[in-house]
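The chain contents come next:
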Amino acid sequence: MAIVGIIILMLIAPNLFATEVINNSGVFVNNGAIWYKAQVGENWQKLTGSNVKLLLEPTFNTSKGQFPVKVEKILPVLLSNNAVGKAATGLLKSLPAIGTAITLVELACDLAQICWNNDTGGFQYTPAGTYPNQYGSCEEAIGWPSGTNTDCNNVRNNNPGTIYWFRSPDYDSTFMSQNCVLAGTVGWTYAAAGWKNCSNPPSGDPRTPSETDWTNAEPKLNVDGAIAPIIIGGGSVKIDVPTFQPIQQPIATTTTTLKDSAGNVTGTETTTTTLNITNASTSTVVNNYNVTETTVTTTYNNSNQVTGSTSTNSDAPPKTPDTKPPIIEFDQVPDSNLQTAEVPGTFTTNSWGGGTCPPDTTINYKYGTLTYDMQPACDFASGIQPVTLVLAAVIAAYLISGVRID
């Protein structure tokens, strides 16, 4: 009965079990900062620069019912204080495996020399080498500032495909071709692979990255190109207050025919209700909206010319408070003594049925009166009653089951 009662309650009051949901995004506040972490199935897009566009469809209460409205939020991702770089290294350090963060892993390898090693199942950092004689670049080391017609370059041009070592930029106008020797000659300081194709400086031995290595990687990964890989990989990025363009969404239009006192049509009246949505997000509350309604009533004559117009603004209905379903408890009634009463046994039963024998029948006829004693017939009927009931039950069973006996 309790289950039946619940079903009946749901039928007569369905709203009692319904709750209104305003769709929130993956934007949240934590430790005084605003963050974005993409939710499952959420539609977002990386824009030019450091902005992310988030496509939402929250549901709003209106005087005409609930309406979903498409909202395009702009999330300004912050790069200050290496925020993106810190988000990148934080996500990379927490990865048990590459998974969906493969793009970020590749970026870390390219920009910060912290690469994933499949053999060890972890990251390795390979320190960059240094240029000879404390030169700051490959260009300085091979002496490109001298121009393209140095003797060494002439030797290279005359011997394509050969790699030379340069004693650069220690040269002057007396620099002779014999000062360029083949790679591997002892005493020469730096190798350049081909014409204007500097070799990378020597590198150190790979090692497990330390906290200092990760910290040094933060400014290298603090770039726009790391934002999308962080979001795809399931990480969070620090953002400024989200913004979006104000929205005006028509939600209802009704047209009424106008008549005069004689019943003649004099024109029409059109009422349009529009939902107005503006941004109410702050640095502490990031998923808020200002919602109002504008109702415009316009009257037209029979020539469809405007004869009047009024406009009113009102706040949209607030979010309906969540109504909790009733709590039904079982076996919570305290024990109590029940009243009892004795009923006299005035009833008798007979397993084969009961009845009384009819009185003797008297028949008057021409020659007198004949009395027929009914007791022998009653005795016979009582005797065959069980057999009759059993046969009737068998016949009924056959009829119900549909069994036929040919």
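Before going into details, it helps to say that this report is about the structure given with it. Just so we're clear, the structure is a prediction, and the values are computed from it rather than from any experiment. (Residues numbered from 1 in each chain as written. Predicted model: local features only at pLDDT ≥ 70, side-chain atom pairs only at ≥ 80, totals over all residues. Heavy atoms only, no water.)

Regarding the overall build of the protein
Reasoning step 1: Counting secondary structure elements, the protein contains eight helices and 19 strands.
Reasoning step 2: Contacts spanning at least 24 positions in sequence make up 57% of the contacts within the protein whose residues lie at least 6 apart.
Reasoning step 3: With an accessible surface of roughly 26600 Å², the protein has 54% of that area assigned to carbon and sulfur atoms. (Helix = DSSP H or I, 4+ residues; strand = E, 2+ residues; numbered from the N terminus. Contact = heavy atoms within 4.5 Å. Areas by Shrake-Rupley, 256 points an atom, 1.4 Å probe, with all protein chains shown as cover.)

Quick notes on the state of the cysteines
Reasoning step 1: All chains considered together, the criterion is met by two disulfides.
Reasoning step 2: Here Cys-109 is linked by a disulfide to Cys-115, with a sulfur-sulfur distance of 1.9 Å. Between Cys-109 and Cys-115, the S-S torsion sits near 80 degrees, and that sign places the bridge as right-handed.
Reasoning step 3: Across a sulfur-sulfur distance of 2.0 Å, Cys-357 and Cys-378 are joined as a disulfide pair. Across the S-S bond of Cys-357 and Cys-378 the torsion is about 85 degrees, and the bridge reads as right-handed. Of this pair, Cys-357 sits in the loop between strand E17 (306-315) and strand E18 (361-365) while Cys-378 is found in helix H8 (residues 375-401), placing the two residues 21 residues apart along the sequence.
Reasoning step 4: Judged by its relative accessible area of 31%, Cys-357 is partly exposed. (Disulfide = S-S within 2.5 Å. Buried < 20%, exposed > 50% of the residue type's maximum accessible area, 1.4 Å probe, protein only.)

Considerations on the packing of aromatic side chains
Reasoning step 1: Applying the stated criterion to the full structure yields four aromatic pairs.
Reasoning step 2: Between Phe-123 and Trp-214, the aromatic rings sit 5.6 Å apart at their centres with planes inclined by 85 degrees, giving edge-to-face as the arrangement. Of the two residues, Phe-123 is situated in strand E9 (residues 122-125) and Trp-214 in helix H6 (residues 211-221); the sequence distance between them amounts to 91 residues. The same class applies to Phe-123 and to Trp-214, which are both buried.
Reasoning step 3: An aromatic cluster is defined as three or more aromatic residues linked by ring pairs; in this entry it consists of Phe-60, Phe-244 and Tyr-289. (Phe/Tyr/Trp six-rings, centres within 6.5 Å; stacked < 30°, edge-to-face > 60°.)

So, helix H3 (residues 102-112)
Reasoning step 1: For H3, the full list of buried residues reads Leu-104, Val-105, Leu-107, Ala-108 and Ala-112. For H3, the buried positions fall inside an angular range of 160 degrees around the axis, keeping them on one side.
Reasoning step 2: Packed against the buried residues of H3 are helix H2 (83-93), strand E8 (114-117), E9, H6 and helix H7 (227-232).
Reasoning step 3: Positive backbone phi, approximately 60 degrees, marks Gln-113, located one or two places after H3. (Arc of directions from axis to C-beta.)

A few points about a nonpolar patch on the surface
Reasoning step 1: On the surface, Val-387, Leu-391, Ile-395, Leu-399 and Ile-400 cluster together into a nonpolar patch covering about 570 Å² of accessible area.
Reasoning step 2: Considering the arrangement of structural elements, one finds Val-387 in helix H8. (Patch = residues over 30% accessible without salt bridge, like charges linked within 9 Å, V, L, I, M, F, W, Y side chains within 5 Å. Salt bridge = Lys/Arg side-chain N within 4 Å of Asp/Glu carboxyl O.)

Details of the nonpolar core
Reasoning step 1: Formed by 43 residues in total, the largest nonpolar core has its most connected members in Val-27, Tyr-36, Leu-92, Ile-230, Ile-239 and Ile-277.
Reasoning step 2: Beyond its immediate chain neighbours, meaning those up to four positions away, Ile-277 contacts Phe-60, Val-69, Phe-244, Pro-246, Ile-247, Tyr-289 and Asn-290. (Core = buried A, V, L, I, M, F, W, Y, C linked by side-chain atoms within 4.5 Å.)

Here's the deal with the sheet that holds strand E13 (residues 237-239)
Within a sheet, each strand pairs with its neighbour through backbone hydrogen bonds, oriented either parallel or antiparallel.
Reasoning step 1: Here three strands make up an open sheet; going across it, the order is E1-E2-E13 and the pairing antiparallel. Sheet topology places strand E1 (27-30) and E13 at the edges, where each strand pairs with a single neighbour. Strand-to-strand, the axes of this sheet are offset by a mean angle of 45 degrees, without reference to chain direction. (Pairing = 2+ DSSP bridges. Axes fitted to C-alpha atoms, helices over the stretch in contact; angles between N-to-C directions.)

Some details on H2
Reasoning step 1: Among the eleven residues that make up H2, eight are buried, leaving the element largely enclosed by the rest of the structure.
Reasoning step 2: As for H2, its buried residues are in contact with H3, E9, H6, H7 and E13.

What to know about the packing of H2 against H6
Reasoning step 1: Where H2 meets H6, the axes come as close as 7 Å, and the angle between the chain directions of the two elements is 135 degrees. As far as their axial angle goes, H6 and H2 are oblique. Judged by the twist between their axes, the crossing of H2 over H6 is right-handed. Packed against H2, whose contacting residues are Val-84, Gly-85, Lys-86, Ala-88, Thr-89, Leu-92 and Lys-93, the element H6 presents Glu-211, Trp-214, Ala-217, Glu-218 and Leu-221 at the interface.
Reasoning step 2: Broken down by class, the residue content of the contact of H2 with H6 amounts to six nonpolar, two polar and four charged. (Parallel < 35°, antiparallel > 145°, perpendicular 65-115°, else oblique. Left-handed = near helix turned anticlockwise from the far one by under 90°. Nonpolar A, V, L, I, M, F, W, Y, C, P; charged D, E, K, R; others polar.)

Some words on the pattern of salt bridges
Reasoning step 1: Under the counting rule described, the total for this entry stands at two salt bridges.
Reasoning step 2: Lys-93 is paired through a salt bridge with Glu-211; the nearest N and O atoms lie 3.2 Å apart. Highlighted residues: Lys-93 in helix H2 and Glu-211 in helix H6, separated in sequence by 118 residues.
Reasoning step 3: Given a relative accessible area of 41%, Lys-93 falls into the partly exposed group.

So far we have only geometry, and geometry alone does not tell us how the molecule works.
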